[in-house]
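Reading the structure
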Amino acid sequence: MRPTLVGVCGTDLDIVEGSIDPAFIRYPIVLGHEWTGVVESAPVARPEPGMTPPPPVGARVVVEGIVPCGHCAECVAGNTNRCATYDEFGFVRDGAATGLVAAPSRLVHIIADTVANESAVLVEPASVVLRALLRAQPAPGQRVLLI
């Protein structure tokens, strides 16, 4: 994919500052875990049964930042954000502030032409918030504290 817009968040600033736990970063690194782009090329071979087919060339996409192994106990339990094999764009593999990015098709999601790049680039942080809300399941009228 060719990135069209890359977000910069507080974590990126921490990476530049060098204050991220060394277990989660490999320097030198290209930033970019919040981004949107356009598919430049896709594999010619057909995906195996059960595999996600690649999006077509020219599709506008967002890509998940964490690259889970899919086999460890956390991945099998659906906790791919806690994969035993830590792999993430912009942390241990170069991110989208580069010319081209390759990613497994299962992590690539097509976005509608009606979605602005400025909105699409916020899918990653919005998904973090959504996951937290789905887990917390606040009831209407319930008081909550956001930090």
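Description of the structure in this document. Counting restarts for each chain, with residues numbered from 1 along the sequence as it is written. It should be noted that, the model being predicted, local features are given only for residues of pLDDT at least 70 and side-chain atom pairs only at 80 or more, the latter also being counted only at that level, while totals for whole chains, interfaces and linings use all residues. Computation of side-chain values covers all heavy atoms of the structure but excludes hydrogens and water.

**Structural notes on the state of the cysteines**
Here is the rule: Disulfide assignment relies on a single distance test, namely cysteine sulfur atoms paired within 2.5 Å.
Here the structure, examined in full by the defined rule, presents zero disulfides. Cys-75 carries a free sulfur, and the closest cysteine sulfur to it, the one in Cys-83, is 3.6 Å from it.

**A look at the sheet that holds strand E2 (residues 35-38)**
Backbone-to-backbone hydrogen bonds pair the strands of a sheet. The strands run either parallel or antiparallel. This is how the line gets drawn: Pairing between two strands requires that DSSP report at least two bridges joining them. Starting at the N terminus, helices and strands are each numbered in turn, a helix being any DSSP run of H or I of at least four residues and a strand any DSSP run of E of at least two. Geometry is summarised by axes, namely lines fitted to C-alpha atoms with helices restricted to the contacting stretch, and by angles between N-to-C directions that run from 0 to 180 degrees.
Across the sheet, four strands lie side by side as E1-E2-E3-E4; this open sheet has antiparallel pairing. With partners counted over all chains shown, the strands left at the sheet margins are strand E1 (2-6) and strand E4 (108-110), one partner each. Strand-to-strand, the axes of this sheet are offset by a mean angle of 35°, without reference to chain direction. Here strand E3 (residues 60-63) pairs with E4 via three bridges, running antiparallel. Within the sheet, the bridge partner assigned to Val-62 lies in E4 and is His-109.

**Describing the environment of Val-30**
Secondary-structure assignment places Val-30 in the loop between helix H1 (10-17) and E2. A C-alpha to C-alpha distance of 7.4 Å links Val-30 and Ala-96, two positions 66 residues apart in sequence.

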